[in-house]
Amino acid sequence: MFDRTIALIGQDNLDKIESKHILIIGVGGVGGYAIETLIRSGIHNITLVDYDNIDISNINRQIIAKESNVGKLKVEAWKERINEISSSVLVNTLPLDILFKNSYDYIIDACDTVIVKKLLIKKCHEKNIKLITVCGMGKKLNPSLVKICDIKDTSYDPLAKSIRKYVKDEKIR
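Here, residues in each chain are numbered from 1, in the same order as that chain's written sequence. Totals for whole chains, interfaces and linings use all residues, but because this is a predicted model, local features are given only for residues with pLDDT of at least 70 and pairs of side-chain atoms are given and counted only at 80 or more. Note: side-chain values were computed over all heavy atoms of the structure, leaving out hydrogens and water.

Participant: Can you lay out the overall build of the protein chain for me, pointing to particular residues and giving the numbers?
Facilitator: Secondary structure elements are taken from DSSP: a helix is a run of H or I of four residues or more, a strand is a run of E of two residues or more, and numbering for both begins at the N terminus. The secondary structure content of the protein chain amounts to six helices and five strands. Of the regular secondary structure in the protein chain, the N- to C-terminal order runs α-α-β-α-β-α-β-β-α-β-α. What the globule rule says is 2.2 Å times the number of residues to the power 0.38, and the radius of gyration is computed from C-alpha atoms. In terms of C-alpha radius of gyration, the protein chain reaches 17 Å, essentially the compact-globule figure of 16 Å for 173 residues. C-alpha atoms of the protein chain, sized along the principal axes, occupy 45 × 40 × 35 Å. For each residue, the accessible area found with a 1.4 Å probe, counting protein chains only, is set against the maximum for its type, and the residue is called buried under 20%, exposed over 50%, and partly exposed in between. Of all 173 residues assigned to the protein chain, the portion counted as buried reaches 36%. Surface exposure of the protein chain reaches about 10,900 Å², of which carbon and sulfur atoms provide 53%. Per-residue and other accessible areas follow the Shrake-Rupley method at a 1.4 Å probe size, with only the shown protein chains counted as cover for residues.

Take a look at the structure:
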């Protein structure tokens, strides 16, 4: 299944990818594309957290949304899709309150709730877990302007500004 990936990055690197446990919080727009990419890149252990149902308004912007699954929990729709892509993937869904009872190699924060973002930053800092936080992607048209950087190096985004202030106030590095 991953012959082309192995040709590109080698078996050792694919083994590293396959061994990681990734947690994604927010499985709609950005989180959905992250899930799709990770599964097709070889991740074998993924945990999804989102309490939202698929809505008709999601169809034009979320990879998981289609007319036939409107009303379904997003995490359940993703579990089905992942298993259709690769039945060897272990897909977990969790409520937020028991999130840190498991261990993760990386957490992708693709949620749109500031308080959850702040709590994740604090908890990941305490537990030394690598965190990727997505800020202000809504209403953006030019993907060449997307920048991957430390939160302290962000600009022009009100959500990132709020997170920057929180990190500075809490003295989180």
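Participant: I'd like a description of the sheet that holds strand β1 (residues 21-25), backed by residues and values.
Facilitator: We call two strands paired when DSSP finds no fewer than two bridges between them. Taken together, five strands build an open sheet; the order of strands is β3-β2-β1-β4-β5 and the sheet is parallel. Both edges of this open sheet fall to β3 (90-93) and β5 (130-133), since each of them pairs with a single strand only. Across the sheet, the mean angle separating the axes of adjacent strands is 20° when strand polarity is ignored. Bridge count between β1 and strand β4 (residues 106-109): four bridges; the pairing is parallel. When the sheet's bridge partners are listed, Ile 24 is paired in β4 with Ile 108. Between two residues, a contact is recorded if the distance between any of their heavy atoms is within 4.5 Å. Geometry is summarised by axes, namely lines fitted to C-alpha atoms with helices restricted to the contacting stretch, and by angles between N-to-C directions that run from 0 to 180 degrees. Lying over the sheet, helix α3 (residues 29-41) contacts β1, β2 (45-49) and β4, oriented at roughly 160° with respect to β1.

Participant: Before we move on, could you go through the nonpolar core and cite the residues and values that matter?
Facilitator: Working definition of a nonpolar core: buried Ala, Val, Leu, Ile, Met, Phe, Trp, Tyr and Cys residues. They are joined through side-chain atoms within 4.5 Å. Counting 21 residues, the largest nonpolar core has Ile 24, Ile 35, Ile 46, Leu 48 and Ile 82 as its most contacted members. Sorting the residues of this core by element identifies β1, α3, β2 and α4 (74-85) as the ones contributing at least two each. Looking at this core element by element, the count peaks at five residues for α4. Counting 13 residues, the second largest nonpolar core, distinct from the first, contains Val 49, Leu 94, Ile 107 and Ile 129.

Participant: Explain the pattern of salt bridges to me, using residue names and the numbers behind them.
Facilitator: When a carboxyl oxygen of Asp or Glu lies within 4 Å of a side-chain nitrogen of Lys or Arg, that pair is called a salt bridge. Inspection of the entire model under this criterion finds eight salt bridges. Residues Lys 74 and Asp 52 are paired through a salt bridge, measuring 3.2 Å at the closest nitrogen-oxygen approach. With Lys 74 in helix α4 and Asp 52 in the loop between β2 and α4, this residue pair connects regions lying 22 residues apart in the sequence. Where Glu 170 meets Lys 122, a salt bridge forms, and the shortest distance between an N and an O atom there is 3.6 Å. Separated by 48 residues along the polypeptide, Glu 170 in the segment after α6 (158-169) and Lys 122 in helix α5 (residues 114-127) bring together distant segments of the chain. One salt-bridge network, in which partners are shared between bridges, spans Glu 36, Arg 40 and Arg 81.

Participant: Describe in detail the packing of aromatic side chains, supporting the description with residues and values.
Facilitator: The aromatic pairing rule takes the rings of Phe, Tyr and Trp, using the six-membered ring of Trp, and pairs them if the centres are within 6.5 Å, calling planes under 30 degrees apart stacked, those over 60 edge-to-face and the rest tilted. Scanning all chains against the criterion turns up zero aromatic pairs. Charge-over-ring placement is defined geometrically: NZ (Lys) or CZ (Arg) within 6 Å of the ring centre, and within 35 degrees of the ring normal. Directly above the ring of Tyr 106 sits Lys 130, whose terminal nitrogen or CZ lies 5.3 Å from the centroid.

Participant: A description of the packing of α3 against α4 should follow, citing residues and the corresponding values.
Facilitator: For the pair α3 and α4, the least separation of the axes is 10 Å and the interaxial angle reads 25°. The angle between α3 and α4 falls in the class roughly parallel. Where α3 crosses over α4, the handedness of that crossing is right-handed. Note on element contacts: α4 touches α3 through Trp 78, Arg 81, Ile 82 and Ile 85, opposite Gly 32, Ile 35, Glu 36, Ile 39 and Arg 40. Tallied by class, the residues present in the contact of α3 with α4 amount to five nonpolar, one polar and three charged. When an angle is under 35 degrees it counts as roughly parallel; over 145 it counts as roughly antiparallel; between 65 and 115 it counts as roughly perpendicular; any other value is oblique. Should the near helix be turned anticlockwise from the far one by less than a right angle, the crossing is left-handed, and should it be turned clockwise, the crossing is right-handed. Side-chain classes follow a simple rule in which Ala, Val, Leu, Ile, Met, Phe, Trp, Tyr, Cys and Pro form the nonpolar group, Asp, Glu, Lys and Arg form the charged group, and the remainder, Gly included, forms the polar group.

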